[in-house]
Amino acid sequence: MAVVFIVGCSGNIEHSAESFTPPRIATSAPTAIATSAAVVGDVAAPEPPHATFDRTFSLAQSDLTFPAMVPSQLPVGPGGYIHRWGVYETAMKWSVDEPELEPRLITDWKMDSDGLGWILKLKSGVQFHGGWGEMTAADFVWSFEDEIRETSVHSGIGLARSTGAIIEAIDTYTVSIRLNQPSSFFFEAFLSNGSGAATKIFSKARVGTLGVDDAFLDISGGTGPYVFEKWNPGDEVVLRAFDGYHGMPPYVTTVHILEIKEPATQLAALKTGQIDASLVPAPLAADIASEPHLGIQSFGIPGSQRLYPQGQFCMDRTLDGTPVQPYPRPGYAPEKPWVGDCDSAVSLESARKVRVAMSMAIDRQSIVDNILDGFGRPSYLPEVVPPLLDRVWQDRWFIPYDPDAAKILLEQAGYPGGIDALMRITTGSHPLEVEIGQAVAQFLGALGGDVTTEVLTYSGNRPSVVAREQSDLWFRSSGGGTAEPPEISQLRRNPENAFNPGMEIKEPLAIISEMDSITSSEELDEVRERLYDSFSHNMWIIPVVLADQILGMNTDKIESWRMSSGSGYLGDFENIRLK
Amino acid sequence: MTGALTLLGVTFLVFGLSRIQGDPRSILISDDASFDQWQEMGKQLGLDQPVYKQYQIYVVNLIQGELGTSTLQKKPVAGILLERGRNSALLAVTAFSLTILVGVPLGVLSAVKTGGIYDYAIRMFAVLGQALPSYWVGLLLILIFAVGLDWLPASRMSDWTSLVLPTLAIGWLGVSGQIRIIRSSMLDALDSEYVQLARAKGVAERTIIWKHVLRNAIVSPVTFASLTFASMLTGSIVVETVFAWPGLGLLSVNALNNSDYPILQGVILLAALIYVLFSFVTDVVYMMIDPRIRIQ
């Protein structure tokens, strides 16, 4: 996850669109470009055309679930489409060239001298689609307030509330945001397009006029380069270039996004020219790359695949010091080797050794080579993904594949014959998650115990996670994003989170509190290093691999498609150039 | 009465299975939401009620003709079923036509030429059609006719050409079943005394086969055809998924993935209703083609 260092800057910092300096620059590039005879990307963009040309582009996607067109009702998954596809916009946007933010709906911004707030100057003349008028500060404020209202399902709601964020309109084009404590994640999470938490700007008048129920289904809103022409759930979405766009008109004038669930059919459609692009499962990437008119490239942020040793319910106070009741939780199982007795330091140390042994028993590189066909990398830190990962990486966090050392640790922990475990593998995020999960189970089983697996959907498993009933192993994958790392979010809100994979642990709370009070980027780096030291030492969550997103495309038609570095979604259609 | 009881049983089964499968809040609510929000949305969706109470509400609404509203799409389920049902019906009609137009003549030919080269070839064709999974057949058809020969589109619903491959993928199974059942019934009938009598009286072989034998052998194939058409109408999950055909099968896959209970319940209930209806129609057709059944 890339983290914004804005709060670390002291004094007033002003930026304008003309001489804009990014809020922070990571030192490494995002995901590498993969190979083929006709790799696309990195091509200088030609001048955008007039919108009178009809340039059509089509791609396949496995799911076109309709999200919602009201901020407070946008689910995090499909909710991300609407800004990544360029229909709705955020204040800032990840650059396509560097892992840095650039303004989109604002012209400049200024940080308050105490580091607890920002003044945003909005771009004037930004028109909403559908004739809903010009975007003003009132729309900006309403969009943010609606998404963090009491009943909202918005994914950033926890962070917003923990920081006490208040947003106000100063005048027609000026907005003020104030927090009651520093946050190293707030700016990026809400004002960039890097995650599902991004604050998309909706027309207040549209929802006011239509009412929430009709606005939910209405696709006329947005300020981006594309308008929704059609959204047929489970079938097709059509985007058209917006004539009144406030920025450069997009080169591609029509985008057809087709739902094709079966990956093999997607590739057949790609090979026959029925579509121009689609995601490609890693084992089929070489086949696509070998086609004379097709090419592949990795894009965005790789998804995280990790193992939760569930049942660690040892938190007795929340981050703000509130006592946690009742204690213990239903899923608290001190007899599980990876959990231990919360009231016994000796038992907890044994459990730690078991978790470290489990981590050392996994041959991550082998999974990358044999299941992901090289399209990924081993993961050693929980849900910390590029570009932040490369910037903060320390060699001491490397976890060697060493089953012999793992067995010694298990013996020390009192499990010389290995551990017996049930591992649940949940599906729905990555085409190879079951294969990877089963490989992990085999590695754990090789330590001597009996490790069985059960495959089920994420939605089928989550209610038991919410109820804190689980104390087994859970292998899960998810897409990459750039908001606050989920572990930190969970620890902020535990035990009241609607997602609790058994990570109610005390130790990192002090470090997170410390992070929340920091005002310089150097200090933040130092504290974050300690946080990751702590995760690496204790293996509360066992990272496995980061799996790349692979895009296959018709290189006879597409000259370049430069996607911004901030997430793992397909999008940025305005950056497509055709031959 | 039997049909009504069947439907009631289906509502119970569908309701229970959909609850086991997952929880729509897992899709709708982010990981970062609070436990209170999770509970609140449960109230909005009626999930806070005991399961028997949820079932009671569901059945009462059904009796009132209310299928509910899609959890994700926020549209009435009936409208969505109608829209997707049309697409499945189009595919079903073409596949069923193929089943009858190809299956019946080949079944008759196989029976008449029993033991010969035609019989072996047709039986091989039928065995393959029943043995090969339609998923694999679909992908093979795409590979040959779309990727290899570039004659037909690989997927999705567009003009008439897009109907060809999914029709073949679904229809081959129907054709195969029809061939085997007609052949078997015909062979029984061909051995009967009335056929021997007709031959002895010098009735033309064509008349014997098409007028006397086929008519007496048709009851079992009609049953099979009826159930085949019903299954085609309710949408093939596998074929619609492979060909990205926006019918009821694909709709149910999406509903399953997203735990959209109302849609899932609607699709399965519709399927049960179609089966019950076709069973009734089949009984009526029996009476039309065999007067002995009418008398009984």
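Residues numbered from 1 in each chain as written. Chains lettered and ligands numbered in written order. Predicted model: local features only at pLDDT ≥ 70, side-chain atom pairs only at ≥ 80, totals over all residues. Heavy atoms only, no water.

A. Up close: the overall build of chain A. The secondary structure content of chain A amounts to 18 helices and 21 strands. Residues classed as buried in chain A amount to 64% of the 579 residues present. Counted over contacts in chain A with a minimum sequence separation of 6, partners at least 24 positions apart contribute 72%. When the accessible surface of chain A is totalled, it reaches about 19300 Å², and 50% of it is carbon and sulfur. (Helix = DSSP H or I, 4+ residues; strand = E, 2+ residues; numbered from the N terminus. Buried < 20%, exposed > 50% of the residue type's maximum accessible area, 1.4 Å probe, protein only. Contact = heavy atoms within 4.5 Å. Areas by Shrake-Rupley, 256 points an atom, 1.4 Å probe, with all protein chains shown as cover.)

B. Up close: the overall build of chain B. Counting its secondary structure elements, chain B contains 15 helices and zero strands. Taken over the C-alpha atoms alone, chain B extends approximately 85 × 55 × 30 Å along its principal axes. The buried share of chain B, reckoned over its 296 residues, is 47%. Of the contacts formed within chain B by residues at least 6 apart in sequence, a portion of 73% connects residues at least 24 apart. Taken as a whole, chain B presents about 14700 Å² of accessible surface, with 67% of it coming from carbon and sulfur.

C. Just the packing of helix H5 (residues 77-112) of chain B against helix H10 (residues 205-217) of chain B, in detail. Residues and elements named next belong to chain B. Relative orientation of the contacting elements H5 and H10 amounts to 95 degrees, with a least axis distance of 12 Å. For the element pair H5 / H10, the angle class is roughly perpendicular. Every residue of H10 that contacts H5 at Pro105, Val108 and Val112 is listed here: Ile209, Trp210 and Leu214. Looking at the contact of H5 with H10, its residues break down into six nonpolar, no polar and no charged. (Axes fitted to C-alpha atoms, helices over the stretch in contact; angles between N-to-C directions. Parallel < 35°, antiparallel > 145°, perpendicular 65-115°, else oblique. Nonpolar A, V, L, I, M, F, W, Y, C, P; charged D, E, K, R; others polar.)

D. Seen up close, the nonpolar core. Residue and element names in this part refer to chain A. Of all hydrophobic cores here, the largest spans 62 residues; its most connected members are Trp118, Leu120, Phe140 and Ile177. The residues touching Leu120, leaving out its near neighbours within four places in the chain, are Ile106, Asp108, Trp109, Phe140, Tyr173, Thr174, Val175, Ile177 and Leu191. If you look at the next biggest cluster of nonpolar residues, it comprises 61 residues, including Ile367, Ile436, Val440 and Val545. (Core = buried A, V, L, I, M, F, W, Y, C linked by side-chain atoms within 4.5 Å.)

E. Local environment of the side chain of Gln312(A). Residues and elements named next belong to chain A. Relative to the helices and strands, Gln312 is located in strand S13 (residues 312-313). Residue class for Gln312 comes out buried when judged on its relative accessible area of 3%. In this structure the side chain of Gln312 is engaged in a polar contact, spanning 3.1 Å, whose partner is the backbone oxygen of Trp540. Each residue touching Gln312, except ones within four places of it in the same chain, is listed here: Trp338, Val339, Arg355, Gly502, Met503, Glu504, Ile505 and Trp540. (Polar contact = N/O pair within 3.5 Å; in protein donor to acceptor, adjacent residues only side chain to side chain.)

F. Inspection of the pairing of strand S9 (residues 236-241) of chain A at higher detail. All names here are of chain A. S9 sits mainly inside the fold: five of its six residues count as buried. As paired elements, strand S8 (residues 226-232) and S9 share six bridges and run antiparallel to each other. Opposite Asn232, over in S9, you have Glu236 as the bridge partner. Hairpin connection of S8 to S9: three residues between the antiparallel strands, including Gly234 at a positive phi of 75 degrees. (Pairing = 2+ DSSP bridges.)

G. Here's a closer look at H5(B). Helix length check: H5(B) (36 residues) gives 49 Å between terminal C-alpha atoms against 52 Å at 1.5 Å per residue, within 8%. At Gly103(B), H5(B) shows its strongest bend, of approximately 25 degrees, with the proline Pro105(B) following within four residues. (Expected span 1.5 Å × (residues − 1). Bend = angle between axes of the 7 residues up to and from the residue.)

Functional significance is not addressed by these values, which are geometric in nature.
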